[in-house]
Each structure stands twice: as structure tokens, then as C-alpha cells.
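Given next are the chains, with one letter for each unit.
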Amino acid sequence: AAGPDRPQVVSHVQQALSYTVFDCKWVPRSARLLCLGSAARGTGLVQLYELHGARLELLREIEKPKPIKCGTFGATSLQQRYLATGDFDGNLNIWNLEAPEIPVYSVKGHKEIINSIDGVGGLGIGEGAPEIVTGSRDGTVKVWDPRQNDTPVANMEPVHGESKRDCWTVAFGNAYNQEERVVCAGYDNGDIKLFDLRTMSLRWETNIKNGVCSVEFDRKDINMNKLVATSLEGKFHVFDMRTQHPTKGFASVSEKAQKSTIWQVRHLPQNRDIFMTSGGSGSLHLWKYEYPAQRSKKDSEGSEMGVAGSVSLLQNVTLSTQPISSLDWSPDKKGLCVCGAFDQTVRVLIVTKLNKI
């Protein structure tokens, strides 16, 4: 992927950490980022850094009893910027980073580790209540409204007699008005399930024959448009979520990106057709989705069915010998990105020429 107008992925700052980092997040409307993880002695750590030119300055380190697996700002206002986290003990906590001693909200959400968390209705984008979704090894996916006490507003669990599957990833979507929203969940056996929170029903399911590591809609706060799902064995699938066929579901295109696990997918906030995947081989791949000439067609029965587009690789770079397990674009500065890897390093990256694509 060479050429003068190709985006380049430039490693801007590298910061060695003394612990395992599981998630990293930009703090909205700031030059700050968070690293969440597990200290060697089995406690949880949150580190707050500020970017100063070509270095990261540690502003605050917060230690908690249990290792922290995942975090989101998605359900909070821009004024508060509260961080919601899921930990190894199944606790959902919401923290005010200015006064992080006691959580502003806390619930024992799951019986086992919370693998994945997402927020919606906050940060001044989208509609509807501020909600948080958690997916756990205990097989359940729960939606929380921090304004309600200890009970989830929705609980998607295996039906009686169905074996519980480890839920690895969750994401909100379709939150374009006060009533509509969906949650997509991916499981260790390749199941992808789409839950409609308005009707409280399973709207669609499929299986990609491989553990689902990460799912993300290209935007949470619009009519469902696209969904990317990444898998354990280096493949990802892009589903066109605009047209749902009564029996065939959503059209999709899949791409074998690499031999190793694709841990994460994150869409560029300023362009929903560009996304980055992070891999078990320590690499990042930057992709662009191209829409087909027509996004839907009629089948022989006259039902509308979607037509998948194609995916092209814009750039790839290998940064680490260890998996890059977390990835987050800056919501404010186009092309600014942070990633955390199992080599105990957090890296701030700059992706150039994104306006030329």
C-alpha cells in the first residue's frame, strides 16, 4: 500500500507501562488519554496521560481492587465525561476522574468478567437515554441506565436449555431517535446477535464460524448503516445493515486480513467508511469500504435484499511483536489514534492524508 497519496501510519509517541493494558481511550474534548488494565499484583489500574508534543505526561494513577478490562465515555455528558468500566469481577463502575476515590455508580453486573462495554446517548451525539451495555463471560448481555438503581433495563441471556457462550464484544447502534436502538453482541462460538431494545426481541442472528472478537457499527447515532465484525482467525466481515432480507438477513463482504486474531475494529469518527483493525501479530490495518452501485435489489419473490460492497486496504503497519488489543481514535482530531499492546506499551499514532481518501 504505497503511493504519494496513501495515508501513512506514524508512531508519534511510545510509552512503556509497568502493567498489562487491556483498553485505552481518548478523553473527549482534550489532549488526554486513559490506559486501563491489570497490575502485576492483581489489582486494577487507570492511568491518565496528557499529550505534550512528542511525550506523554502521567497526570494521575488510580488503583482499584480488581483488574479493569474495558471502559467507555459513551453514556456521559461532555460536561461530566464520566468513565464507565467493567472489571474482572463482573462489576460495572462509573468514575468521576476528578474525584476517583468512590464510583458515582456501581453495580455487580455479572457473575464473571465483563469482557466488553459500550455507551450511548452521551457526549452530545445521538438521541435517547444514557445507557451502557456490558457483555460477560457468564453468557449474558445487559443494558444499564445509570439513573436507575441496580437492575438492568434489558437482560439478554441464553434461553432455558441453551448453553451459555462467552460474550466477547458488544456495541450499540441505530440510536437515531428517542425510541430506537439496538445492541449487537459477538460470542466465542462465532454467533452474532442483534437485539432490538425497542421491541425487546432478537432481531437477527448469524454465525461467522469463528470467535467474534470485536463488533462495531460505523456510527451509533444514525439509522443502521454498516457493521464490522472481526474474528479469532484473521477474518473480518462487513454487513450492510440498511436492508434486512426476511430469510437471508444482511448482505456482507468478508476479508481475510491476516493469519492472526483481529482483536479490534474502530471506525474513523470523521469518516464512517474508513476503519482500522488491530491484530494479534502487532499490526494495524487501515481499510476503506466502497459501496456498490446499488445497495439493494429485489429477489425472485420481490423481497428487498442488500448488496454488499467491497473493501480495500489503504495501509498497514507492524508496531509490536505482541497483539494490539485496544484501539481508539480521537473524536476531536482527525487521524489521531491510541493503541495498547501486550508488550506493555501504549502508542499514540498519527494517520496522515485521511482527507485525500
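- Identification of the protein chain as Dynein axonemal assembly factor 10 from Struthidea cinerea is taken from an unreviewed UniProt entry.
- According to the UniProt record, the Subcellular location (unreviewed entry) comment for the protein chain is "Dynein axonemal particle".

## Re the pattern of salt bridges
Then, in step 1: Taken as a whole, this structure holds 18 salt bridges when the rule is applied.
Then, in step 2: Ionic pairing is found between Asp-188 and Arg-165, a salt bridge with its closest N-O pair at 3.1 Å. Residue Asp-188 is located in the loop between strand 15 (182-187) and strand 16 (191-196), and its partner Arg-165 is located in the loop between strand 13 (154-156) and strand 14 (167-173); the two are separated by 23 residues in the primary sequence.
Then, in step 3: Residue classification places Asp-188 among the partly exposed positions, given a relative accessible area of 25%.
Then, in step 4: Of the charged contacts, one joins Glu-290 and Lys-288 as a salt bridge, the two residues approaching to 3.8 Å between their closest N and O atoms.
Then, in step 5: Accessibility expressed as a relative area gives 33% for Glu-290, which makes it partly exposed.

## Some remarks on the UniProt feature "repeat: WD" (unreviewed entry) in the protein chain
Then, in step 1: UniProt feature "repeat: WD" (unreviewed entry): in the numbering of this structure it lies at residues 132-154.
Then, in step 2: Regarding residues 132-154, the helix share stands at 0% and the strand share at 43%, and the terminal C-alpha atoms are separated by 10 Å.

## Considering the packing of aromatic side chains
In this description, an aromatic ring pair is defined by two values, namely the gap between the centres and the angle between the planes.
Then, in step 1: Per the counting criterion, the structure on display carries 8 aromatic pairs.
Then, in step 2: Ring geometry for Phe-22 and Phe-88: centres 5.4 Å apart, planes at 40 degrees, overall tilted. Within this pair, whereas Phe-22 is found in strand 2 (residues 20-26), its partner Phe-88 is found in the loop between strand 7 (83-87) and strand 8 (91-95), the two being separated by 66 residues in sequence.
Then, in step 3: When the ring of Trp-204 is compared with that of Phe-250, the centres are 4.9 Å apart and the planes differ by 85 degrees; the resulting orientation is edge-to-face. Taken as a pair, Trp-204 in strand 17 (residues 201-207) and Phe-250 in the loop between strand 20 (235-240) and strand 21 (252-256) lie far apart in primary sequence, 46 residues in all.
Then, in step 4: These aromatic residues form a ring-pair network of at least three members: Phe-22, Phe-88, Trp-263 and Phe-342.

## Some details on the sheet that holds strand 19 (residues 226-231)
Then, in step 1: Spatially, 18-19-20-21 is the arrangement adopted by the 4 strands of the open sheet, whose pairing is antiparallel. In this open sheet, the two edge strands, each paired with only one partner strand, are strand 18 (212-217) and strand 21. Neighbour-to-neighbour, the strand axes of the sheet open up by a mean angle of 15 degrees, direction not taken into account.
Then, in step 2: In terms of strand pairing, strand 19 meets strand 20 through 5 bridges, oriented antiparallel.

## Section: the environment of Gly-306
Then, in step 1: Position of Gly-306 relative to the elements: it lies in strand 26 (residues 304-306).
Then, in step 2: Given the relative accessible area of 9%, Gly-306 is considered buried.
Then, in step 3: The spatial distance from the C-alpha of Gly-306 to the C-alpha of Val-143 is 29 Å, given a sequence separation of 163 residues.
Then, in step 4: Those residues in contact with Gly-306, other than ones at most four positions away along the chain, are Thr-243, Ala-251, Arg-295 and Ser-296.

## As for the sheet that holds strand 15
Then, in step 1: The antiparallel open sheet is built from 4 strands, whose spatial order is 14-15-16-17. Every other strand in the sheet has two partners, leaving strand 14 and strand 17 as the edge strands with one partner each. When strand polarity is set aside, the average angle formed by the axes of neighbouring strands in this sheet is 20 degrees.
Then, in step 2: Relative to strand 16, strand 15 runs antiparallel, the two being bridged by 5 bridges. Residue pairing across strands places Val-183 opposite Phe-195, the latter belonging to strand 16.

## Brief notes about the pairing of strand 6 (residues 68-72)
Then, in step 1: Most of strand 6 sits inside the fold, with 4 of its 5 residues counted as buried.
Then, in step 2: Relative to strand 7, strand 6 runs antiparallel, the two being bridged by 4 bridges. Along strand 7, the bridge assignment pairs Ile-68 with Asp-87.

## Overview of the environment of Lys-108
Then, in step 1: The topology assignment puts Lys-108 in strand 9 (residues 105-108).
Then, in step 2: In this structure Lys-108 comes out as partly exposed when scored by relative accessible area, which is 48%.
Then, in step 3: The spacing of Lys-108 and Thr-151 is 43 residues in sequence and 9.8 Å in space, taken between C-alpha atoms.
Then, in step 4: Excluding anything up to four places from it in sequence, Lys-108 contacts Asp-89, Gly-90 and Asn-91.
Then, in step 5: Reaching out from Lys-108, the side chain makes a polar contact with the backbone oxygen of Asp-89 at a distance of 2.4 Å.
Then, in step 6: Polar contacts involving the side chain of Lys-108 include one to the main-chain carbonyl oxygen of His-110, which spans 3.2 Å.

## Thoughts on the pairing of strand 8
Then, in step 1: The element strand 8 is largely enclosed, with a buried count of 5 among its 5 residues.
Then, in step 2: Burial along strand 8 is two-sided: the face carrying Asn-91, Asn-93 and Trp-95 and the face carrying Leu-92 and Ile-94 are both buried.
Then, in step 3: Following strand 7, the chain reverses through 3 residues before pairing antiparallel with strand 8; Gly-90 in that reversal takes a positive phi of roughly 85 degrees.
Then, in step 4: Relative to strand 9, strand 8 runs antiparallel, the two sharing 4 bridges. Bridge pairing in strand 9 links Asn-93 to Ser-106.

What counts, and where the lines are drawn
Residues numbered from 1 in each chain as written. Predicted model: local features only at pLDDT ≥ 70, side-chain atom pairs only at ≥ 80, totals over all residues. Heavy atoms only, no water. UniProt positions renumbered as here; feature names shortened; annotations may be inferred. Salt bridge = Lys/Arg side-chain N within 4 Å of Asp/Glu carboxyl O. Helix = DSSP H or I, 4+ residues; strand = E, 2+ residues; numbered from the N terminus. Buried < 20%, exposed > 50% of the residue type's maximum accessible area, 1.4 Å probe, protein only. Phe/Tyr/Trp six-rings, centres within 6.5 Å; stacked < 30°, edge-to-face > 60°. Pairing = 2+ DSSP bridges. Axes fitted to C-alpha atoms, helices over the stretch in contact; angles between N-to-C directions. Contact = heavy atoms within 4.5 Å. Polar contact = N/O pair within 3.5 Å; in protein donor to acceptor, adjacent residues only side chain to side chain.

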